[in-house]
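# Chains, contacts and geometry: an overview
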Amino acid sequence: MGKNNNFPRGPDTNHLIESLVADLPNRSESKNWTLSYWSRWALAATVIGGVTWLASSQVPDLIRLPNDVWSPGFLARSGLWLGAFFVCARISFLLAIPLSKIKFARHFAALTAVGLAVTTAALAGTDGIFAEVPIELDMGKGPCGFFIALTGIIAGTFLLRSMRRAAPESASVSGAWTLAAAGCMSSFFMNLVCRHENPAHVLIWHMLPILILIILGTQLANKILTQKF
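The rules behind these values
- Residues numbered from 1 in each chain as written.
- Predicted model: local features only at pLDDT ≥ 70, side-chain atom pairs only at ≥ 80, totals over all residues.
- Heavy atoms only, no water.
- Helix = DSSP H or I, 4+ residues; strand = E, 2+ residues; numbered from the N terminus.
- Expected span 1.5 Å × (residues − 1).
- Buried < 20%, exposed > 50% of the residue type's maximum accessible area, 1.4 Å probe, protein only.
- Phe/Tyr/Trp six-rings, centres within 6.5 Å; stacked < 30°, edge-to-face > 60°.
- Patch = residues over 30% accessible without salt bridge, like charges linked within 9 Å, V, L, I, M, F, W, Y side chains within 5 Å.
- Areas by Shrake-Rupley, 256 points an atom, 1.4 Å probe, with all protein chains shown as cover.
- Salt bridge = Lys/Arg side-chain N within 4 Å of Asp/Glu carboxyl O.
- Axes fitted to C-alpha atoms, helices over the stretch in contact; angles between N-to-C directions.
- Left-handed = near helix turned anticlockwise from the far one by under 90°.
- Contact = heavy atoms within 4.5 Å.
- Nonpolar A, V, L, I, M, F, W, Y, C, P; charged D, E, K, R; others polar.
- Core = buried A, V, L, I, M, F, W, Y, C linked by side-chain atoms within 4.5 Å.

### Comments concerning helix α7 (residues 171-193)
For α7, which comprises 23 residues, the first-to-last C-alpha distance of 34 Å matches the rise-based estimate of 33 Å (1.5 Å per residue) to within 8%. Within α7, 19 of the 23 residues are buried, which leaves the element mostly enclosed by the surrounding structure.

### With respect to the packing of aromatic side chains
For the structure on display, the rule yields 8 aromatic pairs. Aromatic side chains Tyr-37 and Trp-41 sit 6.4 Å apart centroid to centroid with 85° between the ring planes, which places their arrangement in the edge-to-face category. Taken together, the residues span about one helical turn, with Tyr-37 and Trp-41 both in helix α2 (residues 33-58) at a distance of 4 residues. Like Trp-41, Tyr-37 is buried. For the ring pair Phe-85 and Phe-86, a centre distance of 5.0 Å and an interplane angle of 55° mean the geometry is tilted. Owing to a relative accessible area of 7%, Phe-85 belongs among the buried residues under this scheme. Put simply, the rings of Tyr-37, Trp-38, Trp-41, Phe-85, Phe-86 and Phe-93 pair up and form one aromatic cluster.

### Regarding a nonpolar patch on the surface
Together, Leu-208, Leu-211, Ile-212, Ile-214 and Ile-215 make up an exposed nonpolar region whose accessible area comes to about 440 Å². With respect to the secondary-structure elements, Leu-211 resides in helix α8 (residues 199-224). Relative accessible area serves as the criterion here: at 47%, Leu-211 is assigned to the partly exposed category.

### Focus: the packing of α7 against α8
Where α7 meets α8, the closest approach of the two axes is 7 Å, and the angle between their N-to-C directions is 150°. By crossing handedness, the relation of α7 to α8 is classed as right-handed. Residue-level inspection shows Ala-171, Ser-172, Gly-175, Ala-176, Leu-179, Ala-180, Gly-183, Cys-184, Ser-187, Met-190 and Asn-191 of α7 in contact with α8, the latter providing His-206, Ile-210, Leu-213, Ile-214, Leu-216, Gly-217, Thr-218, Leu-220, Ala-221 and Asn-222. Of the residues contributing to the contact of α7 with α8, the split by class is 12 nonpolar, 9 polar and no charged.

### Thoughts on the nonpolar core
With 42 residues, the main nonpolar core has Tyr-37, Trp-41 and Leu-160 as its most contacted residues. Going through the elements one at a time, α2, α3 (72-95), α6 (143-162), α7 and α8 are the ones with two or more residues in this core. With 11 residues, the top contributor of residues to this core is α7. In contact with Tyr-37, other than residues within four places in its own chain, are Ala-89, Ser-92, Phe-93, Leu-159, Ser-162 and Met-163.

Shown next as structure tokens:
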């Protein structure tokens, strides 16, 4: 006697099958999410770059292209800021994809951060940095830090909202990397026009805001990525 492979299907099973079949023509919320993610970063970069240019045109005495724009130190620092942005944004992207491998990306991010710190310190030496710290605590030298923080929050929030279409495993970790990327992008543009080129200024008013953004990103993400609308 042959085995009967036709198992009986109850009303619940039939209803589930009908629901799945009926949903097939519907557009997936995650469809084209990759394009949407990077397009939003491109839009954020365009807006931040435009605001930076507008500010430099309105107050050229406060923000302008540095005198050593073609120097190896300036080019290296600008390249590291841009590289740090792409690495952090890439990690944020991978964190939103289940089972993705990001170990190498995290190592590269750490190396980029070390490179930024070493390049900045090498411009004047540690003695110069320590001597400059009291001077840099003057709030009059900190508008760029507030610019980085504000634009980083706006751009980071904008990107986190798009990530609700993906599947981040940890909202807080994704938020930290997303706002780190936003802060690095803002620092890249500010690095192009900031008239304070000394290392202590870069550490206090360019790097410290990113650390604040990372901490804030863990809190913002828990609110944004868990919203139901």
